[in-house]
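# Structure at a glance
Here are the chains, one letter per residue:
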Amino acid sequence: MDTPYFVIDKKKLDNGIALLENALKSNWDNYIIGYSFKTNALPWIINYYKNAGCYAEVVSDDEYRLARLIGYKENKIIYNGPMKTKDTFMEALMNGCIINIDSKREIQWLEDANLQKKVSVGIRVNFDLESGCPGQSACGDEGGRFGFCYENGEFEKAIIALKKNKNVKMTGLHLHCSSKTRSLDVYRQIACMACEIQEKYDFKLEYIDVGGGFFGGLANRPQFPQYIQLLSEILGTRFNIKDTALIVEPGMSLIGPSVDYVTSVIDVKVTSYNRFVVTDGSRIHIDPLMTKSSYFYDIQRHKAGGEVINKQVICGFTCMEHDRLFALMDAEELEETDKIIYHKVGAYTMCLSPLFIRYYPDIYVDEGGRYFKVRERWTPSNYVQNSMLEIKEER
Ligand SMILES: Cc1ncc(COP(=O)(O)O)c(C=O)c1O
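Residues numbered from 1 in each chain as written. Predicted model: local features only at pLDDT ≥ 70, side-chain atom pairs only at ≥ 80, totals over all residues. Heavy atoms only, no water.

This paragraph deals with the site of the ligand. Looking at the ligand, there are 16 residues lining it, with R182, G213, E249, M252 and Y348 nearest. When isolated, the ligand has an accessible area of 400 Å², and the protein chains bury 89% of it. Here the residues of the shell around the ligand sort into three nonpolar, eight polar and five charged. (Near = heavy atom within 4 Å. Areas by Shrake-Rupley, 256 points an atom, 1.4 Å probe, with all protein chains shown as cover. Nonpolar A, V, L, I, M, F, W, Y, C, P; charged D, E, K, R; others polar.)

In structure tokens form, the structure reads like this:
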């Protein structure tokens with residue numbers, strides 16, 4: 001198999017979803033798992049989660065259409081985010097999808113629609129996670145930007161506007177919060193917020209959608225049973241399992257730990273500053289936002305017992321100087337054909353990579369030691385698809 005390539009460990013995928021389902025079954029046995037497309041929408045992966053019984057959690061017209069294309073049933077879609085289009089919004093609404101309203105224009109679309117039948121929608125709550133969990137929310141003092149703000153009355157205004165529409169039933173709350181810590185505290189705040197809102201407005205809610213953002217596959221971090229047990233304890237004070245479903249939208253916790261990226265050393269270059277180990281992989285494939293400061297990795301050397309080198313800087317194939325992955329300290333020298341295998345790189349990697357210099361690499365699935373290709377490496381022909389080489393038609 002030519003490097004670089006991604007490899008998805010099917011057994012880890014199976015284990016991840018089984019752990020989550022068991023946690024839900026034993027704590028809140030009325031649940032929906034919506035697999036977060038944005039985290040990794042490789043067609044094989046989204047088809048895998050469809051077959052596992054998950055809903056598609058989508059946040060744009062393209063993701064919505066992708067879910068339909070891959071064969072998600074017309075109502076097994078959770079449609080979130082501000083990037084819905086009016087036509088997909090209306091289609092999803094009529095098909096009975098779970099739709100969480102995120103912006104005023106969606107309320108307007110409902111008004112304009114002159115609905116002839118009763119429809120259900122949920123609403124995304126924007127609340128002050130930072131006050132409840134100082135230092136933990138993704139945006140700190142700048143605050144999150146999704147949903148309707150609970151504290152300043154925007155949420156209430158949205159509720160009032162929805163209530164005016166006789167054919168619209170508000171049936172759910174969406175409370176996803178992105179955090180730096182993925183801690184249990186975050187889910188405590190989410191569950192408390194759901195209870196507070198229910199109490200204040202006396203809502204009869206068919207679902208509480210707590211979103212994604214869980215840890216998965218890391219032994220020293222919270223596990224699914226802890227998250228779900230905590231949610232269940234708090235939600236159980238105001239909701240009952242029979243009437244109100246718990247929706248989770250995991251991405252990272254399921255797909256993150258299940259993917260490796262295999263690269264080879266192609267050159268070693270010594271300058272007066274550093275010893276650079278050039279590989280055929282790149283940060284753009286496993287850290288496209290260039291934010292990671294460390295990686296889980298293993299090294300496979302073609303021979304043991306090489307000279308121990310004080311510092312070797314592992315670099316990617318691009319011509320960007322900052323395509324440097326890590327510094328390997330006090331380790332045996334790396335040579336051409338040695339392999340570096342990065343682990344737990346399934347989330348926000350493949351789906352965020354740019355088509356820069358080299359195109360998307362091969363992707364395999366490892367099923368009990370047998371490897372199956374699930375995406376062919378992109379070539380220039382894939383790159384030029386949908387492009388016009390000559391100007392022909394005025395739009
Ligand atoms: C609304 C929503 N749901 C689910 C997720 C998935 O989060 P994660 O991949 O961290 O589990 C996100 C990520 O930003 C999100 O915005």
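A surface patch of nonpolar side chains, about 270 Å² in accessible area, is lined by L289, Y348 and L352. With respect to the helices and strands, the residue Y348 is situated in the loop between strand 16 (339-343) and strand 17 (362-367). (Patch = residues over 30% accessible without salt bridge, like charges linked within 9 Å, V, L, I, M, F, W, Y side chains within 5 Å. Salt bridge = Lys/Arg side-chain N within 4 Å of Asp/Glu carboxyl O. Helix = DSSP H or I, 4+ residues; strand = E, 2+ residues; numbered from the N terminus.)

This part is about the packing of helix 3 (residues 61-70) against helix 4 (residues 86-95). When two helices pack together, their arrangement is given by the angle between the helix axes and by the axis-to-axis distance. It is at 10 Å that the axes of helix 3 and helix 4 come closest, and there the two elements cross at 45°. By the angle class used here, helix 3 and helix 4 are oblique. The hand of the helix 3/helix 4 crossing is left-handed. Contact with helix 3, carried on its side by D61, Y64, R65 and R68, involves D87, T88, E91, A92 and N95 of helix 4 and no other residues of that element. Split by residue class, the contact of helix 3 with helix 4 holds two nonpolar, two polar and five charged. (Axes fitted to C-alpha atoms, helices over the stretch in contact; angles between N-to-C directions. Parallel < 35°, antiparallel > 145°, perpendicular 65-115°, else oblique. Left-handed = near helix turned anticlockwise from the far one by under 90°. Contact = heavy atoms within 4.5 Å.)

Empty space left among the atoms is revealed by rolling a probe the size of a water molecule over them. Under the counting rule described, the total for this entry stands at one cavity of 30 Å³ or more. Within this model, the largest cavity holds a volume of roughly 40 Å³. Taken together, R301, H302, K303, G306, E332, E333, E335 and D338 form the lining of the largest cavity. Residues that form the lining of the largest cavity fall into these classes: no nonpolar, two polar and six charged. (1 Å grid on protein atoms, 1.4 Å probe; cavity = no way out; pocket = protein on both sides within 12 Å on 5 of 7 lines; lining within 4 Å. Points joined across faces, edges and corners; volume = space filled by probe spheres on them.)

This part is about the environment of Q136. Inspection of the secondary structure puts Q136 in the loop between helix 6 (129-132) and strand 7 (148-149). Judged by its relative accessible area of 12%, Q136 is buried. Q136 sits 19 residues away from F155 along the chain, and the two C-alpha atoms are 23 Å apart. When sequence neighbours within four positions are dropped, the list of residues in contact with Q136 reads E130, S179, K180, T181, S183, D185 and V186. A polar contact of 2.6 Å, which involves the side chain of Q136, links it to the side chain of S183. (Buried < 20%, exposed > 50% of the residue type's maximum accessible area, 1.4 Å probe, protein only. Polar contact = N/O pair within 3.5 Å; in protein donor to acceptor, adjacent residues only side chain to side chain.)

Bring the parts together and some accessible area is lost; that lost area is often taken as the interface size. For the protein, the domain assignment lists domain 1 (10-255) and domain 2 (257-384). Each of domain 1 and domain 2 was reduced to a C-alpha centroid, and the two centroids are 34 Å apart. Taken together, the contact pairs 16 residues of domain 1 with 16 residues of domain 2. Counting the surface lost from both domain 1 and domain 2, the interface buries some 1400 Å², and carbon and sulfur atoms represent 64% of this. The tally of links from domain 1 across to domain 2 stands at one salt bridge. A salt bridge links K10 to E367, with the nearest nitrogen and oxygen atoms 3.8 Å apart. (Domains from an automatic or database assignment. Buried area = accessible area lost by both parts, 1.4 Å probe.)

This next bit is on the side chain of N100. Within the fold, N100 resides in strand 5 (residues 98-101). Given a relative accessible area of 1%, N100 falls into the buried group. A distance of 2.5 Å separates a polar atom in the side chain of N100 from a polar atom in the side chain of Y207. Only 3.5 Å separates the side chain of N100 from the side chain of D209, close enough to count as a polar contact. Not counting chain neighbours up to four residues away, the residues in contact with N100 comprise I78, Y79, N80, G81, K84, E106, G122, I123, H174, Y207, D209 and E249.

The subject of this paragraph is the layout of surface pockets. Taken as a whole, the second largest pocket holds about 460 Å³ of empty space. Residue lining of the second largest pocket: 17 residues in total, with A41, L42, E63, L66 and C351 positioned closest to the centre. Here the lining of the second largest pocket takes three residues from helix 3, the largest share from any one element. Grouping the amino acids of the lining of the second largest pocket by side-chain chemistry returns 12 nonpolar, one polar and four charged. Mapping the lining of the second largest pocket onto the domain boundaries places at least three of its residues in each of domain 1 (10-255) and domain 2 (257-384).

Every buried residue of helix 5 (residues 104-112) is listed here: E106, I107, W109 and L110. Projected down its long axis, helix 5 shows its buried positions confined to an angular sector of 155°, all on one face. Just downstream of helix 5 lies N114, where phi reads positive at about 50°. (Arc of directions from axis to C-beta.)

Let's shift gears to the nonpolar core. Judged by nonpolar contacts, the single largest core of 101 residues is most densely connected at Y49, F155, L173, L235 and Y342. Sorting elements by how many residues they give to this core places helix 8 (residues 184-201) first, with nine residues. Split by domain, the residues of this core number at least three in each of domain 1 (10-255) and domain 2 (257-384). Ignoring any residue separated from it by four or fewer positions in sequence, one finds L173 in contact with I123, V125, F155, A194, I197, L205, Y207, I208 and D209. I32, Y55, A245 and I247 belong to the second-largest nonpolar core, a separate cluster that totals seven residues. (Core = buried A, V, L, I, M, F, W, Y, C linked by side-chain atoms within 4.5 Å.)

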